[in-house]
Amino acid sequence: MTDADTSVTPRVNDVTLTASIVERKALRYTPAGLPALDLGLHHESTVVEAGQPRKVVCDLRAVALGPMAVQLSRTDIGAELQIKGFLGMSRNGRGVLLHIIELN
């Protein structure tokens, strides 16, 4: 076996997104005692795809844990955020959930 056979290609799951808060649930706590907050986000932009401008509009569910959850629980509905995070499955296994780990 060569070194090339044992190398692992890193997989990337990084999301950077500008979105507005359209829904915010009550702050809750995980069984481990971490603050958790479920959010609804709305994104609108224009991007270039295949050389043509395309308007993108999407709504997505998001979650924040720990101090990020507490910070977002105090953020106004409608606030526009610069979000960094990663994608995972929702708790019920239906659909994608954005895990917010940083705000800019």
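See the structure shown above.
Now for a quick tour of the structure. Since we're looking at a predicted model, the values are computed, not measured.

A look at the overall build of the chain
Piece 1. On a plain count of helices and strands, the chain comes out with two helices and six strands.
Piece 2. Along its sequence from the N terminus, the chain presents helices and strands in the succession α-β-β-β-β-α-β-β.
Piece 3. Its C-alpha radius of gyration of 17 Å places the chain more than 25% over the 13 Å reference for a compact globule of 104 residues.
Piece 4. With the principal axes as the frame, the chain shows a C-alpha extent of 55 × 45 × 30 Å.
Piece 5. Relative to all contacts within the chain whose residues are 6 or more apart in sequence, the contacts with residues 24 or more apart total 51%.
Piece 6. Averaging the locations of the 11 positively and 11 negatively charged side chains of the chain gives two centres separated by 9 Å.

Comments concerning the pattern of salt bridges
Piece 1. One pass over the structure, following the stated rule, counts four salt bridges.
Piece 2. Here Lys-25 ties to Glu-23 by a salt bridge, and the two come within 3.5 Å at their closest N and O atoms.
Piece 3. Judged by relative accessible area, which is 40%, Glu-23 ranks as partly exposed.
Piece 4. The closest approach of N and O atoms between Glu-49 and Arg-54, which form a salt bridge, is 2.9 Å.
Piece 5. You can call Glu-49 partly exposed: its relative accessible area is 43%.
Piece 6. Judged by relative accessible area, which is 45%, Arg-54 ranks as partly exposed.

Let's talk about the nonpolar core
Piece 1. Counting residues in hydrophobic clusters, the biggest one holds 16 residues, and the most contacted among them are Leu-39, Leu-41, Leu-72, Ile-83, Leu-98 and Ile-100.
Piece 2. Sorting the residues of this core by element identifies strand S1 (15-24), strand S3 (35-49), strand S4 (52-65), helix H2 (67-73), strand S5 (80-89) and strand S6 (96-103) as the ones contributing at least two each.
Piece 3. Apart from the residues lying within four places of it in its own chain, the contact partners of Leu-72 are Ile-21, Arg-24, Leu-37, Leu-39, Ala-64, Leu-81, Ile-100 and Leu-103.

Definitions and cut-offs
- Every chain is numbered independently, its residues counted from 1 as its sequence is written.
- With pLDDT at 70 or above as the cut-off, local features in this predicted model cover only qualifying residues; side-chain atom pairs require 80 or more to be listed or tallied, and sums for whole chains, interfaces and linings still use all residues.
- Water and hydrogen atoms play no part in the side-chain values, which are based on all heavy atoms of the structure.
- Secondary structure elements are defined from DSSP: runs of H or I of at least 4 residues count as helices, runs of E of at least 2 residues count as strands, and each element is numbered from the N terminus.
- Put simply, the radius of gyration uses C-alpha atoms, and a globule should come to 2.2 Å times the residue count raised to 0.38.
- Residue contacts follow a heavy-atom distance rule, with two residues in contact if any of their heavy atoms lie within 4.5 Å.
- His is not counted, nor are the chain ends; Lys and Arg add positive charge and Asp and Glu add negative charge.
- Throughout, a charge is located at the NZ atom of Lys, the CZ atom of Arg, the CG atom of Asp or the CD atom of Glu.
- Should a side-chain nitrogen of Lys or Arg be within 4 Å of a carboxyl oxygen of Asp or Glu, the pair is scored as a salt bridge.
- Any residue under 20% of the maximum accessible area for its type is buried, any over 50% is exposed, and the rest in between are partly exposed; the area is computed with a 1.4 Å probe on protein chains only.
- Here, nonpolar core refers to any group of buried Ala, Val, Leu, Ile, Met, Phe, Trp, Tyr and Cys residues whose side-chain atoms link them within 4.5 Å.

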